[in-house]
Each structure stands twice: as C-alpha cells, then as structure tokens.
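Next come the chains, spelled out residue by residue.
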Amino acid sequence: QVQLVESGGGLVQAGGSLRLSCAASGRTFGNYVMGWFRQAPGKEREFVAAINWSGSSTYYADSVKGRFGLSRSNAKNTVYLQMNSLKPEDTAVYYCAATGGVIIYTVAARYNYWGQGTRVTVSS
C-alpha cells in the first residue's frame, strides 16, 4: 500500500515556475514508477510525466516537454515536478500516481495509487 500526498500548487503568472512535490508513505517507494497527471475543468485527466524506479528514465507529454522536469529521491520517498515557462493552458489539478514494475505507463488506468491532487492556476 502506498499513500501519496502532493504539495506545491498555487497561483502563478504565465512564464513563471512552480515545483510540485509528491511524498509517499511506505518502505518500498523505490519499487514504483511514479507519474504525474493533470485534469483541467471539463476535460479528461491527461498524462504529464513519469519516472522509473531509479530515476534514470523519464517520459513527458509533448505539451510539457522542454518545460517540465521530473526527478525523485528514493531516500526521501519523494518525487518532484519542476514546472517552468508555465502557460495558462497548464492550469489544472495535478495528481501524483504510482504503479509497480519497471514499465513507464502514460495511461491513468495503469496506476494503482493516487494522491488527492494539488491545484495549479496560471494567469495570463
């Protein structure tokens, strides 16, 4: 069982930056692929980025590639999403998710554990 708690959301102007954190409980954090998804009002939840268990491999949605960076600290049971050059279309609730194994999935249904979400609002 893994419990996830996101933090770091807030209001930022376009072009600004935010860093989201996702703290996980449990002693086997290093066994999980960690992903970030987001859901804007009236839209479906969409994949943002994911990182493998060691942090050696990451994958990003085209919409955030080059602007967002994902990293993890297994010693701190935490994954970080650095968001730069934010745009109004990045406005959404951001969710952290975890799944076992070694494959990086971009489909939400493949993730077993979810946080409660943190809201990011980017003003123009």
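Residues numbered from 1 in each chain as written. Predicted model: local features only at pLDDT ≥ 70, side-chain atom pairs only at ≥ 80, totals over all residues. Heavy atoms only, no water.

Report on the state of the cysteines, specifying residues and quantitative values.
Counted by the stated rule, this structure contains one disulfide. A sulfur-sulfur separation of 2.1 Å characterises the disulfide bridge that pairs cysteine 22 with cysteine 96. Looking down the S-S bond of the cysteine 22 and cysteine 96 bridge, the torsion is -80°, so its handedness is left-handed. Here cysteine 22, found in strand β3 (residues 18-24), pairs with cysteine 96, found in strand β9 (residues 92-100); they are 74 residues apart in sequence, far enough to count as distant. The residues cysteine 22 and cysteine 96 share a single accessibility class, namely buried. (Disulfide = S-S within 2.5 Å. Helix = DSSP H or I, 4+ residues; strand = E, 2+ residues; numbered from the N terminus. Buried < 20%, exposed > 50% of the residue type's maximum accessible area, 1.4 Å probe, protein only.)

Got a sec to walk through the nonpolar core? Specific residues and values, please.
Core analysis: the largest hydrophobic core is formed by 37 residues, its most contacted members being Leu4, Met34, Trp36, Leu81, Met83 and Tyr94. At the level of elements, β3, β4 (32-39), β5 (46-51), β7 (68-73), β8 (78-83), β9 and β11 (118-123) are the ones that each hand at least two residues to this core. Setting aside anything within four residues of it in sequence, one finds leucine 81 in contact with Leu18, Arg19, Leu20, Trp36, Val48, Ala49, Phe68, Gly69, Leu70 and Tyr94. (Core = buried A, V, L, I, M, F, W, Y, C linked by side-chain atoms within 4.5 Å. Contact = heavy atoms within 4.5 Å.)

Any details on the packing of aromatic side chains? Residues and values, ideally.
A ring pair, where both rings are aromatic, is described by two values, the distance of the centres and the angle of the planes. If you walk through the whole model with that rule in mind, you get seven aromatic pairs. With a centroid separation of 5.9 Å and 80° between ring planes, the pair formed by tyrosine 32 and tyrosine 113 is classed as edge-to-face. Residue tyrosine 32 is found in strand β4, and its partner tyrosine 113 is found in strand β10 (residues 113-114); the two are separated by 81 residues along the sequence. The two residues tyrosine 32 and tyrosine 113 agree in class, both being buried. Plain terms: the ring middles of phenylalanine 37 and tryptophan 114 are 5.1 Å apart, the flat faces sit at 55° to each other, and that makes the pair tilted. One end of the pair, phenylalanine 37, is in strand β4; the other, tryptophan 114, is in strand β10, with 77 residues separating them in the sequence. On the basis of relative accessible area, phenylalanine 37 is assigned to the buried category, the value being 1%. Since its relative accessible area comes to 28%, tryptophan 114 is described here as partly exposed. (Phe/Tyr/Trp six-rings, centres within 6.5 Å; stacked < 30°, edge-to-face > 60°.)

I'd like a rundown of unusual backbone geometry, residues and numbers included.
A positive phi is found at asparagine 77, a non-glycine position, where the angle reads about 55°. Structurally, asparagine 77 can be placed in the loop between β7 and β8. With a phi angle near 50°, serine 85 is a residue other than glycine that sits in the positive phi range. Residue serine 85 is classed as partly exposed on the basis of its relative accessible area of 41%.

How would you summarise a nonpolar patch on the surface if you had to cite specific residues and measurements?
There is a patch of nonpolar side chains on the surface, built from Trp53, Val102 and Ile103 and spanning about 320 Å² of accessible area. Mapped onto the fold, valine 102 is located in the loop between β9 and β10. Judged by its relative accessible area of 63%, valine 102 is exposed. (Patch = residues over 30% accessible without salt bridge, like charges linked within 9 Å, V, L, I, M, F, W, Y side chains within 5 Å. Areas by Shrake-Rupley, 256 points an atom, 1.4 Å probe, with all protein chains shown as cover. Salt bridge = Lys/Arg side-chain N within 4 Å of Asp/Glu carboxyl O.)

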